[in-house]
Structure formats: structure tokens, C-alpha cells
Amino acid sequence: MLICRFAAGEDIWYGAVDGLDDDDAITEESIVAPIEGHPFVDIRPEGSVLKLADVRLLAPVIPTKVVCVGKNYRAHAAEMGGEVPEEPLLFAKPSTAVIGTGDPIDLPWQSEQVEHEGELAVVIGRMCKDVPIDRVDDVIFGYTCANDVTARDLQAKDGQWLRAKGFDTFAPLGPWIQTDLTPADADITVTVNGETRQHAGLDTMVHDVPALVAYVSSCMTLLPGDVILTGTPEGVGPLVAGDSVSVGITGIGTLTNPVRSAAP
Ligand code: MG
């Protein structure tokens, strides 16, 4: 099931998406059925049906934290000049970095080198701590596409990554959450202005989703709606004002964001 969050008029709803095309893209036939209450608790259709093209999609979840994993694909670790660490390398983005599909990525004046990192995002559905690997499925609500937007020059300059990864708009999520995905069967493609920049099977990540959720939850309590970004494959590259960057994952859909200069 595909669960989105959207604005219609002055109201904000969660909804169930249906009627996408074979590439999980929106067509004139695509619909959204608003859900009463919160989908993490109970998916109850409210009764109406809207055309998906007529609503404004929002970030599909509002996390209390976005936990990220660095260097989780060998070829990307190599292009960064290193190897995959033995244990997952964790960092975080503030919740204020989250935007939805269609929202602009603002290039901050402090950086001259902002890059895309397309990633699979895991959406946690239940409060949890110390989740054993064989129970991880119980705490995952679903999956969405993410872009771990990074100010590469500031990442190198600062020595730690909060500023480089944490600017407003640096955590695009969406377009919706897929509750029925086997990540190892899916692949990810990142395009900039239609040109492919990154492409990989999700089965090539080093620490897989169960290992990552178990590891992160051994460090901190995860709350419903928290998001784990699972690392980016090789091919990261620059974003400049005027670009349109898309992260597509088979079985989910495509997250697309325009890029613009932020006012100083
Ligand atoms: Mg990343």
C-alpha cells in the first residue's frame, strides 16, 4: 500500500494512493483516498476519493529525527576516498531539513559545492529500542525515497557533518511511503535534468536494512515516523540553481525537487 500526506484546501490528510502507471508515476487516473486518524495506528478510509493530480503532496512523514548512514556502498566509499566502515557510520539531520516532493532545495550561501545523494529511507512505525535483527520487520512502517543533500565543501571543512547535512531543505522525502517493499529486489536511480547520475541495486548496500535498524536502535530509541537513510551508491555530484533532481526507487515512485539559490 502507498501512503501519502497531502494538502487539499486548508486541510492536511494522510491518504492511500492508487492508480499509478507502470513506473509508479502519477497519471490522470491516479487517486488518493483520505484516511481518518493516523496510518501508523489504523488505516481507515474516510470515504471520499480525490484525484492525486489535484492535491499537493507533502513530506510523507514528520520525523523527530533523521538518522543517516554514511559510506554503505563500496563504490561510493571508494569515490569518497575510503572504505566501508566495519560498523555503520551514523550521523543525523534535523527534522527541519525535511521537505516533500516538488519543494525546492535551497542552496545555502555558505557553500559552493552542494551535491545529491539518492537513498532508500526506512520509515519507523513503532517506538522501539534494541530491536533484534529478526524482529526489525515489526517496527518498519514502510519505505520512501530520500535525497541526503550535502554541502560537500563544508563536510570537509567542518570535520563533523551537522552543518553540511543539516541545512533547511537538505532532507527531501517522498513522494509517499510504500508499506510493501522488499528492498533487495528494488533499485535506485538518481537523475539531474533527466540525465542519470546514480544507479544501483539496493541489494548492493553493505549493511542491509535489518542490520541498520538493529544497530541504530541499539544506540537510541526510535519513535514512530523517525526515518533512517541507508546510504548512497556511487555517482554523487553537484547541484546548481535551476536543476531538477529526481530520486526514483522501483516499487515506490520518484521524488523530484527543483534547486534554487537561497536568499542570503
Ligand atoms: Mg548519504
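Residues numbered from 1 in each chain as written. Predicted model: local features only at pLDDT ≥ 70, side-chain atom pairs only at ≥ 80, totals over all residues. Heavy atoms only, no water.

**Q** I'd love a proper account of the overall build of the protein, names of residues and values included.
**A** The secondary structure content of the protein amounts to four helices and 21 strands. A globule of 264 residues ought to have a C-alpha radius of gyration of about 18 Å, and the protein, at 17 Å, matches this closely. With respect to the three principal axes, the spread of C-alpha positions in the protein is 55 × 45 × 30 Å. Expressed as a percentage of its 264 residues, the buried residues of the protein come to 53%. When the 17 basic and 40 acidic side-chain charges of the protein are each reduced to a single mean position, those positions are 8 Å apart. (Helix = DSSP H or I, 4+ residues; strand = E, 2+ residues; numbered from the N terminus. Rg over C-alpha atoms; globule rule 2.2 N^0.38 Å. Buried < 20%, exposed > 50% of the residue type's maximum accessible area, 1.4 Å probe, protein only. Lys, Arg positive; Asp, Glu negative; His and termini not counted. Charge placed at Lys NZ, Arg CZ, Asp CG, Glu CD.)

**Q** I'd love a proper account of the coordination of the magnesium ion, names of residues and values included.
**A** In this structure, E117 (OE), E119 (OE) and D148 (OD) serve as the protein donors to the magnesium ion, at separations of 2.0 to 2.1 Å. Along the chain, the residues that donate to the magnesium ion are spaced as E-x1-E-x28-D. Of this pair, E119 sits in strand β12 (residues 118-124) while D148 is found in the loop between β13 (140-147) and β14 (150-151), placing the two residues 29 residues apart along the sequence. Residue E119 shares its accessibility class with D148, and that shared class is buried. (Donors = N, O, S within 2.8 Å, 3.2 Å for Na, K, Ca; no water.)

**Q** Describe in detail the sheet that holds strand β10 (residues 105-107), supporting the description with residues and values.
**A** With mixed pairing, the five strands of this open sheet are ordered in space as β10-β21-β20-β16-β17. Either end of the sheet is taken by a strand with one partner, and the two such strands are β10 and β17 (195-201). Put simply, the sheet's adjacent strands are angled 20 degrees from each other on average, direction ignored. With three bridges joining them, β10 and strand β21 (residues 253-261) adopt parallel strand pairing. Counterpart to L107 in the pairing with β21 is S261. (Pairing = 2+ DSSP bridges. Axes fitted to C-alpha atoms, helices over the stretch in contact; angles between N-to-C directions.)

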